[in-house]
Every structure is written in C-alpha cells, then in structure tokens.
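Inside the fold
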Amino acid sequence: MSDDSFTGYAVKSKGGKLEPTELKLCSWNDDMVQMDVICCGVCGTDVHTIDEGWGPTEFPAVCGHEIIGRVTKVGKNATNIKVGDRCGVGCQVASCGECDMCKKHMENLCEKHAVWSFNDRYDDTNEKTYGGFADKWRGHRDFVVKIPDNFSSEVAASFLCGGVTTYSPLKRYNVGPGDKVAVLGLGGLGHFAVQWAKAMGAKVVAFDVIPDKVNDAKKLGCDDYVLMQKEEQIEPHYNTFTHILATKLVNKCWDTYLKMLKKDGTFIMCDIPEVPISGISAFTLAGKQLTIAASFIGSPSLIQECLDFASKHNVRTWVNTFPMTDINEAIQFVRDTKPRYRAVVMNE
C-alpha cells in the first residue's frame, strides 16, 4: 500500500456492514497533516449516515469523526504541529476561510461550505472526505487540535463531537453560578452536559426514562435525577430552570419542557430528530419570554478550548472500547443505545 492509500472500514450500501477497503487519501499539499489513527469515537451521526437517516449518503463511505491519531507527516505550513504529536479531528475538515463566520473563528458556521469529515467533498479538489474508522487520516492543519497530556486517547476522542456539541451552547448562553440546568437525556451527550454545567457552577438535574441511571447521575455530579414518565417527580421542578439542554426531544412533551423553564429561560436543542419539530405553544413562548436555541458542533478553536477546560476541571468521558476490527459490533452497540456513555474503536 502506498503512502497515499489507507484501509478504511467502508459502508457500501444503506444499512450495510462496514468492510475493510483500500481507498485513496486526499491530495497532499503544504497545509496538510497526516496521522496514524489511534482510535475513533462512534457517534449517532455515524449511524444516521450509514442508514441515510439525515439524507443521501455517497457510498462507499468511511465514517468516524472523533479521530485521535499520532502525527506522521506535516506540510511546511503546519508550523504548530510536529511529527509525533497526538492530535484530534472532529466533525469538520475544511471551510472557505473567507466568509464572516470563518473570520470570526466560527468555521463550523461557514457561509459557503462547512466540509464534513466524511460523506462530503472538498471544494478545491472535489475529492471525497473519509473519516476515522481507518488506519490513517489526512487533512488540513487548521482542523487539527492537540490532545492534553492528561487524557488517554479513548477518553479524549468523544470530546471532538459529543463534548464540544454540549460545551459550546452552555458557554454561549452564559451558564454559571446561580443557574439551574436541566439535561434531558442522560446518554452520550447528556453525560457531558451534566459535567460541563456542574464545572461552570450551576445546579444540575438530569431527566431520563431509565431508573437504574440514578447512580450514574450521582457519580456525574447531578443534584437530582428525574424520571420523565413520573409527573410527580417533574412537578416540583416547574418554573425553576434557567436553562434546559435537550439531547433527546419528544414532540408530545413540549408543554412539559416549557413549563419547566423559568421566565426568560433558554431551551437549547442538541438533538437533531429525523422528524420535524412540532407542538410548540407560541403563547407559552411569548408569555414566559422564552428562547429556543440550537447549536451546531464547534469550531476548531472551541474544540481546543473545550479540551483544555475538561483537562482543568476533570470532565471525562465514560467510555466503552472495542477493537477497530469489531467496528460492526460497536455500531450495533450504539444502535441498541447500550453505551455508558460513549463507544470508541481502537486500532491495535
């Protein structure tokens, strides 16, 4: 195999199994970084891509967008990265670099094209992007971040998507001491959200439907754990939350969600359901002066900030690991919502 080729676990049809496949890396230039992949997180986005749940997939696709690797090659413009560094790459691998959003270091909101780590194409070469379920990765230096020394690779991986996806809006909407935050769904995203909000100084209550997660909630730092199917547990929290961060949305529950918020509260959506959002009362929104907001991953600088914050405040991923060769088992594990609370595949 040449230096410009790699072996990736590719899905070749909707809902298909991932198979080892030799493919070409993107073209090399002076802005590039190449890594041997150490590990990669398995995220719900990977499953949506395999199943075409969010739209068409260009097969064959190599998914995986929480990539940790050891740098093996750097272009001459990659002056902040050197061979041997342990680095990471998240959901995005390119942007135009020229629009207002890019100039504000908000590349994830690029007005031209935020290029995904997989199932996408580079604008300049039209080459396909391939993700981290592979032995190698190559891409632009601006989307590579450094991993703190006090993180193991498997713990660091999921910060690159799940971590920053929840860190970013909590920071943006100024969560801090005196606030009370509800986290809807104690799962892969929710277990990060709980830890972020606590580290920011807020009181935190997790909501889920699984009774035996109560002990996990306590270990993660929750001040309370509420079962969504138990009205008597929810009612004491009505009109008490300054913020709600939802990692799981159910349309029939909007009345309950909005009752939980204090006036002038903020509802943050970190879920992207495959069905349209519906059932929101405009009267309630207006009467309580509520904000409904969404958030989209995070820029490279925000990913680096989130990693550094986690390193300082002891925010950590709870992770289940699999060998990369067992990628299909790991995908099924995620489909079955079994991770407590993230899954990561490791190259041996």
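Now for a look at the structure at hand. (Residues numbered from 1 in each chain as written. Predicted model: local features only at pLDDT ≥ 70, side-chain atom pairs only at ≥ 80, totals over all residues. Heavy atoms only, no water.)

Quick notes on the pairing of strand S3 (residues 32–42)
Counting buried positions along S3 yields 9 of 11 residues, so the element is predominantly enclosed. Both S3 and strand S8 (residues 136–140) contribute to a ladder of 5 bridges, which runs antiparallel. Note that in S8 the partner of Asp36 across the bridge is Lys136. Direction of pairing for S3 relative to strand S4 (residues 67–74): antiparallel, over a ladder of 7 bridges. Note that in S4 the partner of Val33 across the bridge is Val74. Bridging between S3 and strand S17 (residues 342–346) involves 4 bridges; their strand directions are antiparallel. Within S17, the position partnered with Val42 by the bridge is Ala343. (Buried < 20%, exposed > 50% of the residue type's maximum accessible area, 1.4 Å probe, protein only. Helix = DSSP H or I, 4+ residues; strand = E, 2+ residues; numbered from the N terminus. Pairing = 2+ DSSP bridges.)

Focus: the side chain of Ser117
Relative to the helices and strands, Ser117 is located in the loop between strand S7 (115–116) and S8. When its relative accessible area of 1% is taken as the criterion, Ser117 is described as buried. Of note is the side chain of Ser117, whose polar atom sits 2.4 Å from the backbone oxygen of Gly90. Setting aside its immediate chain neighbours within four residues, Ser117 contacts His65, Val89, Gly90, Cys91, Gln92, Val93, Thr129, Tyr130 and Gly131. (Polar contact = N/O pair within 3.5 Å; in protein donor to acceptor, adjacent residues only side chain to side chain. Contact = heavy atoms within 4.5 Å.)

Topic: unusual backbone geometry
At the junction of Phe59 and Pro60, the peptide bond is cis and its omega measures out at -5° in the coordinates. Considering the arrangement of structural elements, one finds Pro60 in the loop between helix H1 (44–51) and S4. In this model, Arg340 is joined to Tyr341 through a cis peptide bond whose omega is 10°. Within the fold, Tyr341 resides in the loop between helix H11 (327–335) and S17.

Note that all results are geometric; they support no functional claim without further evidence.
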